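# Structural overview for review
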Amino acid sequence: MMQRYRTALIVLPVLVILALLPLGVGGYILGLLTLGYYYAVFSMSWDLLFGFAGEVNFGPSFLIGVGAYAAALLNHYWEWPIPLCLAVGAVAAVLAGVALAVPALRLTGPYFGLVTLVAVLLLQNVLVLFAGVTGGEIGLDLPDVLSIDANTNYYYALVFMVISGGILFGLSRSPVGLILQASGQDAIEASALGFNVAKHKLTAFCISAFFSGLSGAMLVFYLGTASVGTVVDIAVGVNVIIAAVLGGRRTIIGAAVGAVFLIGAGEILRPLGQLSTFVVAAVALVVILFFPGGFMGRLLHAEGRE
Amino acid sequence: MLALQILIDGFAISSLYALGATGFTLIFGVSGVLNLSHGAIMVVAAVIAWWVAEAFNTGPYLGAMAGVLASLACAFVTYRVIVRPIQDSRAIPREEKEIFVLTSTLLWGIMLQEAIAYLFTSNPKTVRPLIEGVVPILGVRTPLNEVLTAALSWAAIGLLYLLVNRTRTGKSLLAASMNPRGLTLLGFELSRIYVLVWAIYGVLAGIAGVLLGAFLGVSSDNAGLLTASAFSIVVLGGLGSVSGSLIAAYVVGYLETMTAYLVSPSIRTVPVLLLLVAVVYVRPQGLLGRR
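Parameters at a glance
Residues numbered from 1 in each chain as written. Chains lettered and ligands numbered in written order. Predicted model: local features only at pLDDT ≥ 70, side-chain atom pairs only at ≥ 80, totals over all residues. UniProt positions renumbered as here; feature names shortened; annotations may be inferred. Helix = DSSP H or I, 4+ residues; strand = E, 2+ residues; numbered from the N terminus. Rg over C-alpha atoms; globule rule 2.2 N^0.38 Å. Buried ≥ 20, exposed ≤ 12 C-beta atoms within 10 Å, placed from the backbone. Contact = placed C-beta atoms within 7 Å. Nonpolar A, V, L, I, M, F, W, Y, C, P; charged D, E, K, R; others polar. Expected span 1.5 Å × (residues − 1). Bend = angle between axes of the 7 residues up to and from the residue. pLDDT = per-residue confidence, 0-100. Pairing = 2+ DSSP bridges. Core = buried A, V, L, I, M, F, W, Y, C linked by C-beta atoms within 7 Å. Axes fitted to C-alpha atoms, helices over the stretch in contact; angles between N-to-C directions. Parallel < 35°, antiparallel > 145°, perpendicular 65-115°, else oblique. Left-handed = near helix turned anticlockwise from the far one by under 90°.

If you look chain B up in an unreviewed UniProt entry, it shows as Branched-chain amino acid ABC transporter permease from Rhodopila globiformis. Recorded in UniProt for chain B, the comment headed Sequence similarities (unreviewed entry) runs: "Belongs to the binding-protein-dependent transport system permease family. LivHM subfamily."

What follows is the structure, given as C-alpha cells:
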C-alpha cells in the first residue's frame, strides 16, 4: 500500500506537468513527445509480457505491425472511419497474437524468442512481397489523419498513454499480475498451486497484443503513413525492448520513461549524425550493466527484492 | 546444369553458414550465452580485413589476419566487459540473467555496427579474395575463391573437432557444457574455460566474417540479419549441438540457394523461416538437440 502511494506521488505531478506542456512548449517538442508516448505504450505492453509473465517476446513489432497495417489498409482502400480502423487494428493484433501465442507458449526461453522474431521477419517479407497492395518499403499513405494540430495530437497520445498505462499498471498490481509473476518465476510451482499458467500467460499475451496493436494503429494515423520502417522493422522491436529494460523491467511505468527517454535522446543527439545511435546504445548498455534495475527500479522498489 | 550450379553454390554458402553458426552454438553449449552481437563481430572482421588490405596495401593475407585478430579482440571484450559482469552480478536475479545477456549483447552489436558505419560508411565492401581465378567443376565455371571458402570453412570446423575431441583442453570444454559444477569440483577453473571458448569463438567468427566478405561482400547493415541467420541455424539444429548446426546450415544454405535460383531471389529467406517455425513447433529441441 505504501508503495502504491509513493508511485502515485511520483507519477501524478509528472502527469500534471505533461498535461500543461503545450502551454509553454513548441510544436517540435510536442511532436517528439507524441511519438514517444506511442512508443511508451509499446514498451509498457512488452513489459507486461516479459516483466510479469517472464516471456521474452523478440517480436513486439509483429503485434504493432499487424495492428498498424490492418488499420492502414482499411483506411486506404475502403476509407473506413478512423475509430473503426483503430478497433479493427487492435482486434487484428489480438487475433495475430493468439495465433502466435497458442503454439508458441508451449516453447520456453530462446525458442519462444526465436519464434516471435521469425514472426516479425515473415510479416516484413509478406509486406514487401505484396508491395502492390501494402506499399512495400515506401509505405502506405492514409487519407485520414488523427489531427493536423500538434496540440490535439499531443493530447490524443497523452490521454491514450495514460489510460493504457493505467490499465496495464493496474493489471500488473492486481492478483492476476501476481499470478503472472509467479508463473514467470517458477511455472511448475505456480501450476502446482492450482493456477492455470498457460491461460494466464495467454491472457497476458492478448492484453499486450491489444495495446501494441492499438498503439501501432494510432501511430500510423498520427504519422499519416504506414511503412515497414516505422512499425514492423526489427529495429522498432529492439527499441521497444531496450526502452523497457532501460526504464526498469517489471515496473510498467519505467518502460514508458525509457521509451520517452530513447526517443528524446535520439533526437537530441541528432547533430552527431550516424554516431547518435552509437551513443544511445552505449548509454543504454552502461545503465543496464551498472543499474540493472533501470531508471525506475530504484524509485519504485527502493526496499529491494533481495 | 542449373542443378549442378545450385549444388556447388549451395555447398559453398552452406559451409560458410556452418562455420558462422559453429562458434555461436559453441558459446551457447558451453556457457549458455546467446551472443546477439555475433553478426556485428563478423562484419567487424570483414571490414577490418578489407580496410587493412586496401589502405595499407598489405595484400589479402595480412588483411585477413588483421580481420580475424579484430574479431578475436571483439569477442574478448564481449566476454570481459559484458557477459562476465552480468554473470557475476548479484543485483540481477538468476532467472533474468538471460534477458540481460541478450539485451546487452544486442546493444553491443548495435554499437559495433554503428561504429563500423561511422568509420567506414555502410557501403558494401568486398574483401579481395585470397586467390583469384576460375576453375571448371563438372562444367560449371566456379570462382576459385568459392572453392577456397568451402575448403577453409571445413578446415576450421575440422580443427575445432580435433581440438574438442582429441585434446585435454578440448575435453574440458566438452565437460563444461555437460556439467560445469562437476568440472569445478575436479579443480578446473571455469572462468579460464570460458575465456578459451570465447577465444575460439572469436577466431571462428573472424574467419567466417572474412570469408563472407570475400565471397558475397559485407555491409554494416547486414549485422542484424547475420545474427538472425546464425540464431535460426542453431535453433534448427538444436541449441548447443555442433553437429546439428552443421546439418541445419546445409538445410538452410541449400533451401535458400534453391529458392533464389528456382523461384525468386527476393523471397530467398521465406521458406527457411517457415521451415524454422514448423520445426520449432513440432520439435522444439531442434533436429539434434538434447534438452
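After presenting the structure, the write-up continues.
### Digging into the overall build of chain A
When helices and strands are counted, chain A shows 15 helices and two strands. For 306 residues, the compact-globule estimate of 2.2 N^0.38 gives 19 Å, and the C-alpha radius of gyration of chain A, at 19 Å, lies within 12% of that figure. Overall size of chain A, expressed as C-alpha extent along the three principal axes, is 50 × 45 × 35 Å. Looking at chain A as a whole, 54% of its 306 residues are labelled buried.

### Structural notes on the interface of chain B and chain A
Contact residues are listed per partner, giving 36 residues for chain B and 32 residues for chain A. Sorting the residues of the side of chain B that touches chain A by element identifies helix H4 (97-120), helix H9 (223-237) and helix H11 (270-282) of chain B as the ones contributing at least two each. Considering every element that reaches the side of chain B that touches chain A, the biggest residue donor is H4(B), with 15 residues. The residue inventory of the side of chain B that touches chain A, partitioned by class, reads 27 nonpolar, six polar and three charged.

### Description of helix H3 (residues 60-88) of chain B
For the α-helix, the turn length of 3.6 residues means that residues three or four positions removed from each other point alike. Taking 1.5 Å of rise per residue, 29 residues should cover 42 Å, and H3(B) covers 40 Å from first to last C-alpha, within 8% of that figure. Along its length, H3(B) reaches its greatest deviation from straightness, about 35 degrees, at B:Tyr79.

### Looking at the confidence of the model for chain B
On average, chain B scores 88 in pLDDT, and the residues at 70 or more come to 99%. For this predicted complex, the interface confidence comes out at an ipTM of 0.84, alongside a pTM of 0.86.

### Some points on the pairing of strand E1 (residues 134-137) of chain B
Put simply, side chains in a regular strand alternate between the two faces of the sheet. Residue and element names in this part refer to chain B. Sheet analysis places E1 next to strand E2 (residues 140-143), joined by four bridges and oriented antiparallel. What sits directly across from Val134, in E2, is Pro143. As consecutive antiparallel partners, E1 and E2 are separated by two residues, and within that stretch Leu138 has a phi angle of approximately 50 degrees, a positive value.

### Some details on the confidence of the model for chain A
Within chain A, residue pLDDT values average 85, and 96% of them lie at 70 or more. When pLDDT is averaged over each helix and strand of chain A, the minimum, 71, is found for helix H15 (residues 294-300) of chain A and the maximum, 93, for helix H3 (residues 60-78) of chain A.

### Some remarks on the nonpolar core
Side chains of nonpolar character tend, in soluble globular proteins, to be buried together. The biggest cluster of nonpolar side chains holds 203 residues, and the ones touching the most others in it are A:Val220, B:Val44, B:Ala45, B:Ala46 and B:Ala49. For this core, the element with the highest residue contribution is helix H8 (residues 190-215) of chain B, accounting for 16 residues. With sequence-adjacent residues up to four places away left out, A:Val220 is seen in contact with A:Ala68, A:Ala71, A:Ala72, A:Leu142, A:Thr225, A:Ala226 and A:Val231.

### Concerning the UniProt feature "transmembrane region" (unreviewed entry) in chain B
Listed under "transmembrane region" (unreviewed entry) in the UniProt record, and renumbered for this structure, are residues 6-29, 36-53, 59-79, 99-120, 147-164, 193-218, 230-253 and 260-282 of chain B. Annotation note: span residues 230-253 of chain B, helix share 83%, strand share 0%, distance between end C-alpha atoms 11 Å.

### A word on the packing of helix H2 (residues 27-52) of chain A against helix H13 (residues 253-268) of chain A
Residues and elements named next belong to chain A. Between H2 and H13, the least distance of the axes is 7 Å, while the angle of their chain directions is 140 degrees. As far as their axial angle goes, H13 and H2 are oblique. Two packed elements cross with a definite hand, and for H2 against H13 that hand is right-handed. Side by side, H2 and H13 meet where Leu32, Leu33, Leu35, Gly36, Tyr39, Ala40, Phe42, Ser43, Met44, Trp46 and Asp47 of the first sit next to Ala255, Ala256, Gly258, Ala259, Val260, Ile263, Gly264 and Glu267 of the second. Of the residues belonging to the contact of H2 with H13, the class tally is 13 nonpolar, four polar and two charged.

### Description of H8(B)
For H8(B), spanning 26 residues, the distance from its first C-alpha to its last is 37 Å, which sits close to the expected 38 Å at 1.5 Å a residue. Burial runs high along H8(B): 20 of the 26 residues are buried.

### Looking at unusual backbone geometry
With the exception of glycine, most residues fall at negative phi, and the peptide bonds are largely trans. In this structure, A:Ile252 is a non-glycine residue whose phi angle is positive, near 60 degrees. Following the sequence through the fold, A:Ile252 ends up in the loop between helix H12 (234-247) and H13. Its 31 C-beta neighbours within 10 Å are what place A:Ile252 among the buried residues. For B:Thr121, which is not glycine, the phi torsion reads 60 degrees and is therefore positive. Within the secondary structure, B:Thr121 is located in the loop between H4 and E1.

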